[in-house]
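Structural features, examined
Listed here are the chains, written in short residue letters.
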Amino acid sequence: MSDPLRCVVLISGTGTLLQALLDAISAGAVAARVVGVGADREATGLAAARTRGVETFVLPLVRGGDRNAWDEELAQAVARFAPDLVISAGFMKLVGAAFLDRFAGRFINTHPALLPSFPGAHAVRDALRAGVKVTGCTVFAVDEGVDTGPIIAQTPVPVLPGDDEARLHERIKQEERRLLVDVVREWSQHHE
Ligand code: GRF
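Residues numbered from 1 in each chain as written. Predicted model: local features only at pLDDT ≥ 70, side-chain atom pairs only at ≥ 80, totals over all residues. Heavy atoms only, no water.

Next up on the list: the site of the ligand. Looking at the ligand, there are 13 residues lining it, with Thr14, Thr16, His169, Lys173 and Glu176 nearest. A distance of 3.2 Å is found between an oxygen atom of the ligand and a backbone nitrogen or oxygen belonging to threonine 110. Here lysine 173 contributes a side-chain N or O atom positioned 2.8 Å from an oxygen atom of the ligand. Surface burial for the ligand is 91%, taken as the share of its 370 Å² of free accessible area covered by protein chains. Of all elements in the fold, only α1 (16-26), β5 (107-111) and α6 (165-190) reach the threshold of two or more residues within the shell around the ligand. Considering only residue class, the shell around the ligand consists of three nonpolar, eight polar and two charged. (Near = heavy atom within 4 Å. Polar contact = N/O pair within 3.5 Å; in protein donor to acceptor, adjacent residues only side chain to side chain. Areas by Shrake-Rupley, 256 points an atom, 1.4 Å probe, with all protein chains shown as cover. Helix = DSSP H or I, 4+ residues; strand = E, 2+ residues; numbered from the N terminus. Nonpolar A, V, L, I, M, F, W, Y, C, P; charged D, E, K, R; others polar.)

The next subject is the packing of α1 against α6. Interhelical geometry of α1 versus α6 gives an angle of 45° and a closest axis separation of 9 Å. Overall, the two elements α1 and α6 adopt an arrangement that is oblique. For the pair α1 and α6, the crossing hand works out as right-handed. From α1, Thr16, Leu17, Ala20, Leu21 and Ala24 reach across to α6, where they touch Lys173, Glu176, Arg177, Leu180, Val181 and Val184. (Axes fitted to C-alpha atoms, helices over the stretch in contact; angles between N-to-C directions. Parallel < 35°, antiparallel > 145°, perpendicular 65-115°, else oblique. Left-handed = near helix turned anticlockwise from the far one by under 90°. Contact = heavy atoms within 4.5 Å.)

Another point: the packing of aromatic side chains. Summed over the entire model, instances satisfying the criterion amount to four aromatic pairs. Summarising the aromatic geometry, the rings of tryptophan 70 and phenylalanine 91 are spaced 6.3 Å apart at their centres and angled 10° between planes, so their arrangement reads as stacked. Separated by 21 residues along the polypeptide, tryptophan 70 in helix α3 (residues 67-79) and phenylalanine 91 in the loop between β4 (85-88) and α4 (97-103) bring together distant segments of the chain. Every member of this aromatic cluster is reached through a ring pair, and the members are Phe99, Phe103 and Phe107. A cation sits over an aromatic face here: arginine 80 above phenylalanine 81, 5.6 Å from the ring centre. (Phe/Tyr/Trp six-rings, centres within 6.5 Å; stacked < 30°, edge-to-face > 60°. Lys NZ or Arg CZ within 6 Å of the ring centre and 35° of its normal.)

Geometric values such as these leave the question of function open.
In structure tokens:
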């Protein structure tokens, strides 16, 4: 039995995807270990890590700050955990070249739309405005673009009459939590 997959998760918000991964790991459903959780702000989701004794770090990007310096600091903060896999789960900052140089190929992101449709920070709102009947979620490998990396897995999610952004996003997140856990499980089964 090889060592569990060492994962670092990056968040910016409520961290329910992180919570789903931690729960799946605790239930023995994924041979992985979240060794660190990072955020660009004091995100409420950090509590999910802290209550489980998972080390966390917060690295704010101050307005007008040096973006490259922040990117390098983020890369170093993540590298300290010696991760096999870095997961952006609602991390609302784009990483730069320094970060990608170190983690490209083992850095995945989850997005609440069926990429390449509706990239960017307002995917759920954009899908609603477009009037699509089916949207969904995507887990992909991060590259230098905005939500443009190679797609790993997707799940369709119906848009229902009367949906507003919050209700549709929650329906998407129910599938997104399952999709992320499945991708991490798959990754853990194939990592050397
Ligand atoms: C997810 O839908 C993710 O795709 C998007 O933000 C949401 C994060 O949700 N970028 P949570 O913070 O894990 O609850």
